[in-house]
Structures are given as C-alpha cells and as structure tokens.
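Listed below, chain by chain, are the residues.
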Amino acid sequence: MEMFAIAPATGKANLSAIQDGLLVGKALWLSRAANTGLPVAPTIVISRAAWNALQEERKAHDDRLRVHWVATLFRLVGRNGRPPALVVRTSSAAHSTGLMPARPGLSPPANEAESVDPARPLARAISDAFASYASFDPRPERQIVIIQAMADGDVRQFLTRDPQSGALGPAPVNGTPFGPLPASAAAFVDLLDAAAGQHLSCLVSVEGDTVRLLSARAAPASAAAELAAAVDRVARRRWTQREAVTHIDPARLQQMLHPRLRSPESATVLATGLGVSPGAASGVIVFNSEDAARMKARGRHCILVVTETGPTDIEGMKAATGILTARGGMTSHAGVVARITGKPCVAGVRTLSVNLAELTCRIGNREFRQGDRITVDGTDGSVYLGALPLAQPHIGGAMGKLLGWSDASRRIKVRANAETVEAVNTALSFGAEGIGLARSEHMFFSRERLVALRRLILSEDADDRAKALTGLVDFQTVDYSAIFMAMQGRPVTVRLFDPPLHEFLPRTDEDIEETAQSLGLGVRALKLRLDRIAEINPMLGHRGVRLAITYPEILKMQIEALCAGVRAASAKQSEPVTLEVMVPFVSTVSEVVEIKRQTYAIVEQAGLPPAARERFAFGTMIELPRAALRAADIAEHVDFFSFGTNDLTQTTYGISRDDAPAFLSAYQRKGLYDFDPFVTLDQKGVGEMITMAIERGKRANPNLKIGICGEHAGDPASLWFFSKLDVDYVSCSPYRVPVARLTLAQ
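Residues numbered from 1 in each chain as written. Predicted model: local features only at pLDDT ≥ 70, side-chain atom pairs only at ≥ 80, totals over all residues. Heavy atoms only, no water.

Trainee: Looking at this structure, I do not really get the packing of aromatic side chains. What am I missing?
Mentor: Aromatic rings considered in pairs are described by the distance between their centres and by the relative angle of their planes. Scanning the entire structure with this criterion turns up 12 aromatic pairs. Ring geometry for Y653 and Y673: centres 5.8 Å apart, planes at 70°, overall edge-to-face. Here the residue Y653 occupies a position in helix α26 (residues 645–653), and Y673 occupies one in the loop between α27 (661–669) and α28 (686–700), the gap between them amounting to 20 residues. If you follow R415 out to its NZ or CZ, it ends over the ring of Y729, 3.8 Å from the centre. The ring centre of F585 lies 3.9 Å from the NZ or CZ of R543, which sits over that ring. (Phe/Tyr/Trp six-rings, centres within 6.5 Å; stacked < 30°, edge-to-face > 60°. Helix = DSSP H or I, 4+ residues; strand = E, 2+ residues; numbered from the N terminus. Lys NZ or Arg CZ within 6 Å of the ring centre and 35° of its normal.)

Structure follows, in structure tokens:
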C-alpha cells in the first residue's frame, strides 16, 4: 500500500526501492525528470492497494491511513499554502485508448473526509482511473494513479526527438505545430532525453521562460531513429558507448536492412503464414522461375508463388522480389535460400493453393491469376491485397558506429552461413568474422550445376559416379578459390555434401522430362531410378556422413576440390587460407574416425602451402542426439564441434521441420508450446543437450573449439542462451550478422 510524492511542490522526493519499482509510464518519466532537476508539476502517486485500503477504512469509519493520504496530498501545496486545483491521470507501462483520459480542474478536498469520498470530484476521478484499468491491465498490484497540481501557463505538446530521423527536438507530434516555446526549451529537451533514454511525447506548460513537464509517455520511433538517437546521446556525452549498445533492441536492426511497409494498418490482409525471411515486397504474381526471370528482365517486381520451393526454383527466387509458399517453415528450403539472398519470404500459408495448369492460386477465399498484385511481409508473415507502398532501407553511419562499439565488449565471434561470393561479400559488409557454414550442395543451385549433381545422385555404379564427379570438381574448385580469396585468411568452415535427396531430385512431370533429356535418359528409365532411390524419410536417410561412407569417391572429389581451391587462392594472395572441414550428420565416433582417415590421406598429398596446411582443421557437426551423448568420444578425434541446431531440434523433438507449421501454431494457441522451437531454441531440452555435449567434449579435449551454425544463431533470445555457454563463435545468415553482433555484446 503505497502513496508518495515523486515531484513534491517543495523539498525532495525520497523513494524507497518498493516505491521506485512501482513507477511505470508517465510516473516514471516525471520522476526521472524531477530527479534530473527539470521543472515538473507537483505530482504524487497512489497504488491500487492503497486506494482500496482507504475505501475499506472509510466504510469502517476509521482514519489512520487517511491521515497519511492527506499528508501526501499536502505535498502538492506550494509555499503560498493554498491547495491548488488538481489533475488525475492514469500511468501504465503501455499507452492504451481504453484508459481514462486526464481529468483536470478538480477542486481540492475541503476536508479530510472529502479526500476519500467517491461522491466528491477527486476521489471519484481516482476511482474511475483505477476502474479503467480493468480491461487493459488485470494485475491490480501493478496499477497506479498520479495526482498533480494544475499548472499555470500555456500548454504545449511535442516530441523529444524526430520519430523518423532521431534528431533532437522539440519535434511536432504527427506534423502538428506546437506553438511558440522559449529559448530554454532546447536545454529542457536535451536533459529530458538524457534522463529518459528514449523518444517521449511530452505535455508541458510554458510560464514565461520556464518549461514545466506535466506528462510524458514513450513515443514510437523507427529503428533508424532509435539508432541515430543512441549515437547522438554518446556524442553529447549523455551516454557511454556501452549504454548505447545495451539500449538498442537487436531484433529491430532487421528493419533497417530490408524494405518495410509504410502503413499496413488500412491494408486488406489476405492470409497469414510464417515470416521466415524479413522485409516486405510487392509485385505481380508469377508461378515459375522462367516467368520470374522474364519479369526481372523487364524491370518489373514479382512475387514467386509456389506450393514449396526446391533447387530448380533457385533462379526464380533470385529474380523475384519476394516469395510466398504454402508449405515449409523457418528451416525449409524457401526460408534458408531467401535469408541467404536477402529476399522477403512468407512460408507455410495453409490457405494458399496453387493451380499450375491454370496459372491461378487461391489465397484465403480469393482467387488470383498470374499478373495480379500482392504484397508479402516476411517479418510478421502477412500477405496483403495489392501493391502497398514500401519504405526502403537506409543504412547509415550510426549502425556502423554502434556495431563497432558492440564489438569491443563481445567475446563470441560472429560468422555467417554462406556459399556464394555474393553472400560472402554481403556477410563481410555486415561484419562477419568468418564463414561458419558453407553448404557444399548449395553451390549447385543453378540449372547447369543441378544437372551435374543429379547425374551424381542418380548414378548406378562407380563408373557413372566417376563421370559425374569430373564436372563437379571443376565447379567446386573455382567456387572455393573465389570464397577463400574473398575471406582473406578468415576461417571458412565447409560442410561435406549433405543433400537430402528429396530437395534435389525432380518431382513434377515437366521437371522429370527435362532432367531425363539433360541426362540422356528415357523418361521411363529415369522414373525407375527415382523409384529405386526414393526414401520414406529423406531427412533421416542417405545423407551427410552416410553418403561419404558409402561413396568414398564423393568425399575424395570434394576434398581434392577444396585443396585445389586453397592452392589457387594461395597463389593469388599473401594471406594464408584457413580451411575447416566438418562432417555432417554423424552419430558414432567410428564414422568420424573413418572420414578423418580418408580426408587426411588426401590432404597430406595435396601439396598445400605450409601456412594453409598448418591452419587446416577437421571437425564435426553435432546434430543428432546420439552424437551429443557421445561427445567425449568424438571430441578426441576432432578440432571443433559445430552444433547444427536445426537438425538437432528436429531429431530431439521427433518433429519434421518441414511439416511442423501444420500443427505448431495450434500447439502455441493452446499454450502447449510457448514458442516455435525451430525459431527460438528450446533451452530446456535441446539446450540441455548442447550444454552437456560441450561439457563432455571440452573435458575430453580442452582445446576443442565450439560453434553454433543453425538458424538459432541469428535469434536474439537463443543468442542470450548461447552467450552463457563456452562457445567460440556463432554462424547465421548474412543479414542476421548485425543482430548477432549486437545481441552478443549485450
């Protein structure tokens, strides 16, 4: 039961820790302003518990608590001794239109009894203020009301900073002029901004040269404005660099790296799916890669709308402005590729159906034809009717400064998941310190290269595979050399081939016919081969280390191509190449030992430059529960672990990551899951598995390096968990590198 002054008419406020903890919203900003020495209208606070107790006491005809209440009211009386007219305001952590508006011009109580009598103006206003919280904040222990002395002078309203640029105010609210202000207003705003540390909407009274704060609440601002304001506060010596780093929400940095909707409030929402790659995009609907490429060639924006994406859609995904799929989730093919290429993507829209024969689709209860316009928002998963106006990203010097400051206090390195020179350069521009996951099979996401990879997968004997491998070596050597040169000695961790067959083989009749022609096979013969290698559960099938064990010539090709790439890059640069090879999908130490034996037999004969050979490292991914359990055995034979949290989540939960969107949303609605475990790491289950594996691995091999390379490495909530572990680096999509840098610094 608290009633106390935060800005007394005379003297100073002396708040207890409990009283200070009650302050939210207007009360918090008024208290901070008063503590800074700024003029503030005399203000007191009463809690819901205290007001209820006063009412119970009134009914019992007691006055012990009322005496304290009246004494608190007298803190609003100035030196002239005259009780002022009063104002009652609600004060909540978040602004809501359901709360009682300020009630000004209230007569002060004529006697002690009137101060709690709900029939009198003051007590009635206080009761009404508390009653207005009912639908907004049902927690009575957190509810407070403020009572102020009415201020003289002209009332003005303004923002402490511009909501778009972050420039120090006074700035108009919604473009509305705020009237004349004295010269002292600039210093007033500067001090208030320093005290609050965020954008505020202020109500003040102006009496001559004096600006007095009456009310303030947090005001929305763009991510760019918040960033610019933080850097400006450091320049003004109001904040330290560390304070600036800790005050910025890392998730909001994403808004600065991608286009976003200007005003989606009035738009028509067609459907909602999963936002798997942030940013907004609008354009005409297309249903295949060829039409997407044609639209791009004509300079037109388009949205690629498909049931799900696969390797044959890569060129179309690159050409499209945005992507919309009926199936898939955060770790689906569409989500992974979209994040690599920086394209907005909404996946798992259950109300989307595509008719390729008619070139139409249904989104919700509406039908669309090719050429109709829609907008997708990959940040929140919304799909809108028509082409909505977008705000384009602007990355200025403020982000570079803030991230530079963050690096000074960050222990864990940040790498990127990338396997093309374009993605590598994007990652480097965002401050990546290495490549933590180069997925070899993703280097074949083009039509010409996909033919070569399919020839390998569909080969029926060693001779067929040898012919298919010949072309792959050349592709890989050129690619690896280019990546090594771009990285200039920074570490590059290459994952051995791990192609789940269903992601790389033809599925539609048209695709099968085209593949058969490119491979020189009959359609029937190709279908027979596809039937022979079809897997019931390809995500747990013939992939990863199992492919290298059964087809050692594939491992030989890849290691030789890597070594050739190292030699080629070393011949053109002075900085030694740092190559790290990791084995995917292992479950036993015997698999690791066998692949290590074959790998080093090739590396030792590859003629690597001495410096590059010295830097060469061999490790494994930990993405199966058995590998995590046997981490100590495995650690004795490797230089590093890299936790593939996507597959580790999938295999720990026993949930197919591609099928999860069909039921995870229902689980979340019913409160069975608090979050999607493929977006934010499950700390209690998967997190415990990672913690245990690190501890066991480090105990067996104290020099073991630890990395995280799943999509969780770009999620702020997951990064907070990783920061508490003995982790050396995380690796995420290029566009998430700034988010990871800032979060880990915090």
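This is not the end of the story, as more comes after the structure.
Trainee: Can you help me understand helix α3 (residues 48–59) in this one?
Mentor: Note that an α-helix has 3.6 residues per turn; residues three or four places apart therefore point the same way. Here α3 spans 17 Å end to end across 12 residues, near enough to the 16 Å set by a 1.5 Å rise per residue. Of all the residues in α3, the buried ones are R48, A50, W51, A53, L54, Q55 and E57. Where the residues of α3 are buried, they touch β1 (3–7), β2 (43–47), α4 (64–73) and α5 (121–131). Trailing α3 by a residue or two, H61 shows a phi angle of about 60°, which is positive. (Expected span 1.5 Å × (residues − 1). Buried < 20%, exposed > 50% of the residue type's maximum accessible area, 1.4 Å probe, protein only. Contact = heavy atoms within 4.5 Å.)

Trainee: Before we go on, may I ask you to explain the packing of helix α2 (residues 25–36) against helix α6 (residues 185–196) in this structure?
Mentor: A pair of packed helices is captured by two measures, namely the crossing angle of their axes and the spacing between those axes. Across the interface, α2 lies against α6 with an axial gap of 9 Å and an inter-helix angle of 120°. Compared by their axis directions, α2 and α6 come out oblique. You can see that α2 and α6 cross each other, and the crossing is right-handed. Packed against α2, whose contacting residues are W29, R32, A33 and T36, the element α6 presents L191, L192, A195 and A196 at the interface. (Axes fitted to C-alpha atoms, helices over the stretch in contact; angles between N-to-C directions. Parallel < 35°, antiparallel > 145°, perpendicular 65-115°, else oblique. Left-handed = near helix turned anticlockwise from the far one by under 90°.)

Trainee: Looking at this structure, how should I read the sheet that holds strand β18 (residues 360–363)?
Mentor: As a general point, the strands of a sheet are linked pairwise by backbone hydrogen bonds and lie either parallel or antiparallel. One open sheet holds the three strands; their spatial order is β17-β18-β19, and the pairing between them is antiparallel. With partners counted over all chains shown, the strands left at the sheet margins are β17 (352–355) and β19 (366–369), one partner each. If you compare each strand with its neighbour and ignore which way they point, the axes differ by 20° on average. Relative to β18, β17 is paired through four bridges, and the arrangement is antiparallel. Note that in β18 the partner of L352 across the bridge is I363. (Pairing = 2+ DSSP bridges.)

Trainee: Sorry, what's going on with unusual backbone geometry here?
Mentor: With glycine set apart, most residues show a phi of negative sign, and most peptide bonds adopt trans. Of the consecutive residues G169 and P170, the connecting peptide bond is found in the cis state with omega at 10°. The topology assignment puts P170 in strand β7 (residues 168–171). Look at R237: it is not a glycine, yet its phi comes out positive at around 65°. Relative to the assigned elements, R237 resides in the loop between α7 (223–235) and α8 (241–247). Overall, R237 belongs to the exposed group, its relative accessible area being 77%.

Trainee: Can you help me understand the environment of A219 in this one?
Mentor: Its place among the elements puts A219 in the loop between β9 (210–218) and α7. A219 sits in the buried class, given a relative accessible area of 15%. Spatially, the C-alpha atoms of A219 and T360 are 43 Å apart, while their sequence positions differ by 141 residues. Apart from residues no more than four positions distant in its own chain, A219 is found in contact with L159, H199, L200 and S201.

Trainee: Explain the environment of L22 to me, please; I cannot follow it from the model alone.
Mentor: Looking at the element boundaries, L22 is found in helix α1 (residues 17–22). Relative accessible area serves as the criterion here: at 15%, L22 is assigned to the buried category. For the pair L22 and I46, spaced 24 residues apart in the sequence, the C-alpha separation amounts to 9.7 Å. Ignoring sequence-local partners within four residues, the contact set of L22 consists of E2, F4, S47, E141 and I144.

Trainee: Even after reading the chapter, I still don't get the pattern of salt bridges, so can you show me in this structure?
Mentor: Pairing is possible between side chains of opposite charge, provided their charged atoms come close. Under the criterion given, the structure shown has 35 salt bridges. One salt bridge in this structure joins E112 and R66, with 3.9 Å as the shortest N-O distance. Of this pair, E112 sits in the loop between β4 (103–106) and α5 while R66 sits in helix α4, and the two are 46 residues apart along the sequence. Among the charged side chains, a salt-bridge network with shared partners connects R161, D190, D193, D232, R233, R236 and R238. (Salt bridge = Lys/Arg side-chain N within 4 Å of Asp/Glu carboxyl O.)

Trainee: What is the right way to read the pairing of strand β23 (residues 413–417) from this model?
Mentor: Side chains on a regular strand alternate between the two faces of the sheet. Across the five residues of β23, four count as buried, placing the element largely inside the fold. Sheet topology note: the β23/strand β30 (residues 729–732) ladder contains four bridges and is parallel. Counterpart to A416 in the pairing with β30 is C732.

Trainee: What am I meant to see in the pairing of strand β27 (residues 617–622) here?
Mentor: Across the six residues that make up β27, a large majority, six, are buried. When strand β26 (residues 578–583) meets β27, the two strands line up parallel, connected through four bridges. Within β27, the position partnered with E580 by the bridge is A617. For β27 and strand β28 (residues 640–643), the ladder comprises four bridges, and the chain directions are parallel. Note on β28: the bridge partner recorded for M621 is S642.

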